[in-house]
Amino acid sequence: MRKTLDLLYLGAGWLAALFMVGVLVMVLVSILSRLAGIYVAGTDAYAGYAMAGAGFLALAHTLKHGEHIRVTLIIGRLSGGARRAMELWSLAVGTLLAGLLCVYSWRLVYQSRLFHDISTGTDATPLWIPQLLMGLGCTVLLVALIDETVLQWRGQRQQHAGDTRHE
């Protein structure tokens, strides 16, 4: 199970990186087409969709590598059982919030599909397509937070070097 979860987080991270390359490509196409005097419709919108996809898909990978910004002002001063309890509480709240974000993200995808919602730009993209990336990223984040909570509960959670800094 551990290998499967780690592969899921890594895959989401690589997909996020691919979408970052997509942002670069869309920006370059936009710049070069303007210099050539050609109008390419939708490059700004697709750059935005790719940026949102990259941001949401990178969430779980970033969490699992301890790279999320954490305010450790309180947790950093605790030790032993108090620290463990505070970490569990923090992860539980994060899991709850990620679950809500996940539910409402998929609800948005469903409603956009149901109502045939399209972008207002010249590309007229059905919005449920780029919104899928948000739902997918939130789902993988939820899985990662549940994973971290279970690992913390079992006492198997890895402490990252950044966990002791006060940020």
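Quick note: structure is the one above.
Presented here is an overview of the structure given in this document. (Residues numbered from 1 in each chain as written. Predicted model: local features only at pLDDT ≥ 70, side-chain atom pairs only at ≥ 80, totals over all residues. Heavy atoms only, no water.)

### Quick look at the nonpolar core
Quick reminder of the rule: The nonpolar core is taken to be a set of buried Ala, Val, Leu, Ile, Met, Phe, Trp, Tyr and Cys residues, with the residues joined through side-chain atoms within 4.5 Å. Using a 1.4 Å probe on the protein chains alone, a residue whose accessible area is under 20% of its type maximum counts as buried, one over 50% counts as exposed, and one in between counts as partly exposed. Helix and strand definitions follow DSSP, with helices as H or I runs of at least four residues and strands as E runs of at least two, each counted in order from the N terminus. In what follows, residue pairs with any heavy atoms lying within 4.5 Å of each other are defined as contacts.
Tyr9 and Leu145 are the most contacted members of the largest nonpolar core, which has 15 residues in total. When contributions to this core are tallied by element, the ones reaching two or more residues are helix 1 (2-35), helix 2 (43-64), helix 3 (80-114) and helix 4 (128-154). Each residue touching leucine 145, except ones within four places of it in the same chain, is listed here: Leu63, Leu91, Gly94, Thr95 and Ala98.

### Quick notes on helix 1
Applicable threshold: One less than the number of residues in a helix, times 1.5 Å, gives the span that helix is expected to have.
A rise of 1.5 Å per residue sets the reference length of helix 1, with its 34 residues, at 50 Å; its end C-alpha atoms lie 50 Å apart and thus fit the reference within 8%. In the stretch just after helix 1, glycine 37 is the one whose phi turns positive, near 75°.

### Comments concerning the packing of helix 1 against helix 4
What counts here: Axis lines are fitted through C-alpha atoms, for helices just across the contact stretch, and the angle between N-to-C directions can take any value from 0 to 180 degrees. When the near helix sits turned anticlockwise from the far one by under a right angle, the crossing is termed left-handed; a clockwise turn instead gives a right-handed crossing. Amino acids outside the nonpolar list (Ala, Val, Leu, Ile, Met, Phe, Trp, Tyr, Cys, Pro) and the charged list (Asp, Glu, Lys, Arg) are all regarded as polar, and Gly is one of them.
Helix 4 packs onto helix 1 with a crossing angle of 145° between their chain directions and a minimal axis gap of 11 Å. You can see that helix 1 and helix 4 cross each other, and the crossing is left-handed. Judged by residue contacts, Arg2, Leu5, Leu8, Tyr9, Ala12 and Phe19 of helix 1 engage Leu133, Val140, Val143, Ala144, Asp147 and Leu151 from helix 4. Residues that form the contact of helix 1 with helix 4 fall into these classes: ten nonpolar, no polar and two charged.

### Focus: unusual backbone geometry
Of note, the phi angle at histidine 116 is positive, near 55°, even though the residue is not glycine. The residue histidine 116 is located in the loop between helix 3 and helix 4 in this model. Residue histidine 116 is classed as exposed on the basis of its relative accessible area, which comes to 64%. Of note, alanine 124 is a non-glycine position whose phi angle comes to about 50°, a positive value. By the element assignment, alanine 124 lies in the loop between helix 3 and helix 4.

### Considering the layout of surface pockets
Quick reminder of the rule: Using only the protein atoms, space was sampled on a 1 Å grid; points where a 1.4 Å probe fits but cannot get out form cavities, open sets with protein on both sides within 12 Å along at least five of seven lines form pockets, and lining residues are those with an atom within 4 Å of a point. Grid points are joined across faces, edges and corners, and a volume is the space filled by probe spheres set on the points.
Looking at the largest pocket, its volume works out to about 480 Å³. Residue assignment for the lining of the largest pocket shows that the elements contributing at least two residues are helix 2, helix 3 and helix 4. When residues in the lining of the largest pocket are grouped by element, the largest group, six residues, is from helix 3. Taken as a whole, the second largest pocket encloses approximately 260 Å³ of empty space. Residue lining of the second largest pocket: 13 residues in total, with Arg2, Asp6, Lys64, Glu148 and Gln158 positioned closest to the centre. Residue assignment for the lining of the second largest pocket shows that the elements contributing at least two residues are helix 1, helix 2 and helix 4. Among the elements that take part in the lining of the second largest pocket, helix 1 stands out by supplying four residues, more than any other.

### Some words on a nonpolar patch on the surface
Threshold: Two distance rules govern patches: like charges are joined within 9 Å, and nonpolar side chains (Val, Leu, Ile, Met, Phe, Trp, Tyr) within 5 Å, applied only to residues with over 30% relative accessible area and no salt bridge. Only the protein chains shown count as covering a residue, and every accessible area follows the Shrake-Rupley method with a 1.4 Å probe. In the sections that follow, a salt bridge refers to a side-chain nitrogen of Lys or Arg positioned within 4 Å of a carboxyl oxygen of Asp or Glu.
Nonpolar side chains collect at one region of the surface, where Trp89, Val93, Leu96, Leu97, Leu100, Val103 and Tyr104 lie side by side and expose about 730 Å² of accessible area between them. Along the chain, tyrosine 104 turns up in helix 3. Classification of tyrosine 104 by relative accessible area gives partly exposed; the value is 49%.

### Quick word on the pattern of salt bridges
A complete count under the given rule lists six salt bridges for this structure. Where lysine 64 meets glutamate 148, a salt bridge forms, and the shortest distance between an N and an O atom there is 2.5 Å. Of this pair, lysine 64 sits in helix 2 while glutamate 148 is found in helix 4, placing the two residues 84 residues apart along the sequence. An identical accessibility class is assigned to lysine 64 and glutamate 148; each is buried. The residue arginine 83 makes a salt bridge to glutamate 87 at a minimum N-O spacing of 4.0 Å. With arginine 83 and glutamate 87 both in helix 3 and four residues apart, this pair spans about one turn of that helix. Judged by relative accessible area, which is 17%, arginine 83 ranks as buried. Here the residues in one salt-bridge network are Arg2, Asp6, Lys64, Asp147 and Glu148, joined through shared partners.

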